[in-house]
Amino acid sequence: MRIALGEFVQETGSFTPARMNRAAFEAYGLYQGVELLEQLAGVGPPGGFLEVAARQQQPIEVVPLARAWAGAGAKILDATYRELREMLLVPLRTAGELDAVFLSLHGAASSEREDDLEGDLLAAVREVIGPEVPLVCPLDHHANITSRMVEHADLLVGHETQPHDPLATGVKAARLLFDWLHCGQKPAIAWRKIPMITPQDQFLTSQGPMQAWFAWARALEQQDGVLDVSPYPMQPWLDVAEGGWAVVVHTTDDAELADRLAAEMGAMAWELRAEFWKSSRLEVADAVRQAYGHEDGLLILSDTGDSVYGGAPGDSTWILRELLTQGATQPASARPLLVPIVDAAAVEAGFAAGVGAEVSLSLGGKIDNQFNQPVDVTAEVVAVSENHVADVAERGCVEIGRTVLLQAGPVQIVVLAAAGFAICHPILYQHLGLEVAAARAVVVKTASNFQFFAPWRRRLIRVDSPGMTQSDLSAFHWSRIPRPIYPFDAEVTWNAENAGRLPSA
Ligand SMILES: [Zn+2]
C-alpha cells in the first residue's frame, strides 16, 4: 500500500503587517524526501500518521511530498506560496499509483491575493490524484473551513483540544483513513458554516462554553456510525471571504445522520454565542500592579493583543512599558519578571555593545506600529545567544535565532531577532541561564498556550493589551468577512436546521 505524506501549515493574521517569506518556513525545517520522514517521526500530525502506518499488518510505503510549517504570522507572499505548492505537487505528480494522500494542514492560511490557500492546495492535489484516491487532512480547529476544502478533501479532522495535541489529531485522522482503506467504505461528510466570530478569551477546551461544545462533539462520536465530529471555532483575526465558525461531521456512510449532527452542533454554538464573548481580562496597569504584588510562585501575564501563535509580531510594548514604569521603584534584587520582545535592530545593538555594557534603546513597537509605540529602555546586556536550536517534545527542532538578555531593575527582557515558537516557551529563558522557578512573573505572547509554564504556574491574568490579536475585534477594519455575522451585525438570525452550507445560502 502506498500513501503520500505532506504538510503545509501556517496560520495567517490578516491584520498583521509585513508578509511571510520562505525564510519563515526554513526556520522550522522545510523538508523533502527521506529527510521529511526522519524529521517528522513523532512530530505533529504527520508523526501521528507515521505511528499508525507502522502498526499496520501490511507494509505501508510512505511517499514523502514536502513539509512546510511556519507557525502563525502575516499573509504569505504569493510567490512563496507558489513555490511551496510546487514542492508538494512535483513529487505527487511523479509518485505513481497511490492508495491515499495524507496532507496535514492548518486551515487558516492566506497569501496576498488568495484567501483560502488550503482550498487552493486541495483542489490542486485533487487534480493530480483524481476523484477516487482518498485525501485525508488533519487540521487545526482554528481553521476556516471553506466550500473548496469540503469539495476536495474526503476527511477534515480537527484538533480535539486547545491547547492542541497535533500528534493525537494525526493518529485520529490516520486511523480513520486506514479503517476506510480496509473496509472500502467512503465516509459521508456534512458541514455547517456558522455566521459567528468570537475572541480568544473562551478558546480553552477545558472550561466554559468551548468545553461544552467540544464535549458534545465527543459524545456524538459515541453514536453508531459516527466517525468524527470536528468543531471549528475559527481564529478571530482572519478577514477572508468565507470566514466564520464551522463544524464538520463524518459518518461511515449515512449522509442524513451526518447532516443532522452538523445542524445540531451548529445550533449549539449559535445558542452559546454570547457565552463565547465573556471575558476576565484586566487592563494593563492593573495587571502589572498585581504582578508586582504577587508573592508566591509564578504569575503568567497573558499578552492577549500580541499572541504570536495567533499571528501577532511579538513586539508589543504595552506590558513592558508598564513593567518598567512600575518597576522603577522596585529594588533590582526583587524577584525578576520575565518578558520577551521581538526587535532585530535592538538585538544587533546588544551584540555590538557586548555583555556587561549598558545600552539605551528604543525597543519594540516597530512591526506593529498601529497599536504600539517603541519604549525607551536603559538596561544592562546580561547575556547573548545565537544559533541555539532546541528540540521540543512532539514539536521538533526549534531555532531560537539571535537573542539578547537585558536587565532593567527587576525586569529581565529577552529580545529576539525574530518571533518563533520559543517566545512562549521556558526554553527562551533557560537557554540564557535564567531560572523560571525564581521568577515572579512571565509575560507570554499567547492567549491560550500556557501549558509550557504549567510546572511553575500559580496564577494567570489575561491582560487586555491592544494589538494585532486583541480581543476587541471591532477595532479592526474588516473588509472581507461575510456579513451579516455575529456580533458585528445587530440583527443576525440563523437557523442551523435550514441553513445551507454557507451562511449566505
Ligand atoms: Zn489553533
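Residues numbered from 1 in each chain as written. Predicted model: local features only at pLDDT ≥ 70, side-chain atom pairs only at ≥ 80, totals over all residues. Heavy atoms only, no water.

Chemist: Teacher, can you tell me more about the side chain of Thr198 here?
Modeler: Tracing the chain through its elements places Thr198 in the loop between strand 7 (188-194) and helix 8 (208-220). Sequence-distant contacts of Thr198, that is, excluding residues within four places in its chain, are made with Phe203, Pro236, Trp245, Phe276, Trp277 and Leu473. (Helix = DSSP H or I, 4+ residues; strand = E, 2+ residues; numbered from the N terminus. Contact = heavy atoms within 4.5 Å.)

Chemist: Hey, could you run me through the coordination of the zinc ion in this one?
Modeler: Each donor-metal-donor angle would ideally measure 109.5 degrees in four-coordinate tetrahedral geometry, or 90 or 180 degrees in six-coordinate octahedral geometry. Taken together, Asp140 (OD), Asp140 (OD), His142 (ND1) and His164 (NE2) make up the full set of protein donors to the zinc ion, lying 2.1 to 2.4 Å away. Note that the zinc ion binds four donor atoms; their angles at the metal cover 56 to 147°, and the shape is irregular. Counting the intervening residues between successive donors of the zinc ion yields the motif D-x1-H-x21-H. With His142 in the loop between strand 5 (135-139) and helix 6 (147-152) and His164 in the loop between strand 6 (155-158) and helix 7 (166-183), this residue pair connects regions lying 22 residues apart in the sequence. The exposure class of His164 is buried, given its relative accessible area of 17%. (Donors = N, O, S within 2.8 Å, 3.2 Å for Na, K, Ca; no water. Tetrahedral: all angles 85-135°; square planar, octahedral: opposite > 155°, others 65-115°. Buried < 20%, exposed > 50% of the residue type's maximum accessible area, 1.4 Å probe, protein only.)

Chemist: I would appreciate a short explanation of the pairing of strand 1 (residues 2-12) in the present structure.
Modeler: For a regular strand, side chains alternate in direction, first toward one face of the sheet and then toward the other. Of all the 11 residues making up strand 1, 10 are buried; the element is thus mostly covered by neighbouring parts of the structure. Where strand 1 meets strand 3 (residues 61-73), nine bridges bridge the pair, whose relative direction is parallel. Paired with Ala4 across the strands is Val63, a residue of strand 3. Where strand 1 meets strand 4 (residues 100-105), six bridges bridge the pair, whose relative direction is parallel. Paired with Ala4 across the bridge in strand 4 is Val101. (Pairing = 2+ DSSP bridges.)

Chemist: I'm lost on the sheet that holds strand 3 in this one. Help?
Modeler: In a beta sheet, neighbouring strands pair by backbone hydrogen bonds and run either parallel or antiparallel. Across the sheet, which stays open at both edges, the six strands sit in the order 2-3-1-4-5-6 with mixed pairing between neighbours. Two strands close off the open sheet at either side, each with one partner strand: strand 2 (31-32) and strand 6. Relative to strand 3, strand 2 runs antiparallel, the two being bridged by two bridges. Directly across from Gln32, in strand 3, lies its bridge partner Ala66. Running over the sheet, helix 3 (residues 44-54) touches strand 1, strand 3, strand 4 and strand 5 and is turned about 160° from strand 1. Its contacts with the sheet place helix 4 (residues 78-93) against strand 1, strand 2, strand 3 and strand 4, and it is angled at close to 165° to strand 3. (Axes fitted to C-alpha atoms, helices over the stretch in contact; angles between N-to-C directions.)

Chemist: Sorry, what's going on with the pairing of strand 6 here?
Modeler: Of the two faces of strand 6, the one carrying Leu155 and Val157 and the one carrying Leu156 and Gly158 are both buried. Running through helix 6, the crossover from strand 5 to the neighbouring parallel element strand 6 is right-handed. (Right-handed = clockwise from strand over helix to strand, strands pointing away.)

Chemist: Which parts of the structure should I look at to understand the packing of helix 10 (residues 284-292) against helix 11 (residues 318-327)?
Modeler: In helix packing, the relevant descriptors are the interaxial angle and the interaxial distance, both defined with respect to the helix axes. Close contact between helix 10 and helix 11 brings their axes to 9 Å; oriented N to C, the two are set at 50°. What the angle tells us is that helix 10 and helix 11 run oblique. Crossing angle aside, the handedness with which helix 10 passes helix 11 is right-handed. Counting all contacts with helix 10, which are made through Val284, Ala285, Val288, Arg289 and Tyr292, the residues of helix 11 involved are Trp318, Ile319, Glu322, Leu323, Gln326 and Gly327. (Parallel < 35°, antiparallel > 145°, perpendicular 65-115°, else oblique. Left-handed = near helix turned anticlockwise from the far one by under 90°.)

Chemist: Could you clarify how one ought to interpret the side chain of Thr12 in this entry?
Modeler: On the secondary structure map, Thr12 appears in strand 1. On the basis of relative accessibility, which here comes to 0%, the residue Thr12 falls in the buried class.

Chemist: It is not clear to me how the domain arrangement of the protein should be interpreted in this structure. Could you clarify?
Modeler: How big an interface is tends to be expressed through the accessible area that disappears when the partners come together. The assigned domain composition of the protein is domain 1 (2-277) and domain 2 (284-473). Computed over C-alpha atoms only, the centres of domain 1 and domain 2 are separated by 31 Å. Interface area for domain 1 against domain 2, summed over the two sides, is near 2200 Å², with a carbon-plus-sulfur share of 53%. Summed over the three residues of domain 1 that lose the most area to domain 2, namely Tyr28, Gln200 and Trp237, the buried surface amounts to 26% of that side. Our count for the contact surface shared by domain 1 and domain 2 stands at nine residue pairs in polar contact (both at pLDDT 80 or more). Looking at the side of domain 1 that touches domain 2, the elements that each hand over two or more residues are strand 3 and helix 7. Of the residues belonging to the side of domain 1 that touches domain 2, the class tally is 17 nonpolar, nine polar and three charged. (Domains from an automatic or database assignment. Buried area = accessible area lost by both parts, 1.4 Å probe. Polar contact = N/O pair within 3.5 Å; in protein donor to acceptor, adjacent residues only side chain to side chain. Nonpolar A, V, L, I, M, F, W, Y, C, P; charged D, E, K, R; others polar.)

Chemist: I'm lost on helix 7 in this one. Help?
Modeler: Taking 1.5 Å of rise per residue, 18 residues should cover 26 Å, and helix 7 covers 26 Å from first to last C-alpha, within 8% of that figure. For helix 7, the complete set of buried residues consists of Pro166, Leu167, Thr169, Gly170, Val171, Lys172, Ala173, Ala174, Leu176, Leu177, Phe178 and Trp180. Positive backbone phi, at 80°, marks Gly184, one or two positions downstream of helix 7. (Expected span 1.5 Å × (residues − 1).)

Chemist: Please clarify how unusual backbone geometry should be interpreted in this entry.
Modeler: A negative phi holds for most residues other than glycine; trans holds for most peptide bonds. Going from Arg483 to Pro484, the amide bond is cis rather than trans, its omega being 0°. Examined against the element boundaries, Pro484 turns out to sit in the segment after strand 17 (457-463). Tyr486 connects to Pro487 through a cis peptide bond whose omega is 5°. Secondary-structure assignment places Pro487 in the segment after strand 17. The backbone of Ala18 sits at a positive phi, close to 70°, despite the residue not being glycine. Along the chain, the position of Ala18 falls in the loop between strand 1 and helix 1 (22-26). Its identity as a non-glycine residue notwithstanding, Asn387 has a phi of 60°, on the positive side. By secondary structure assignment, the location of Asn387 is in strand 13 (residues 375-392).

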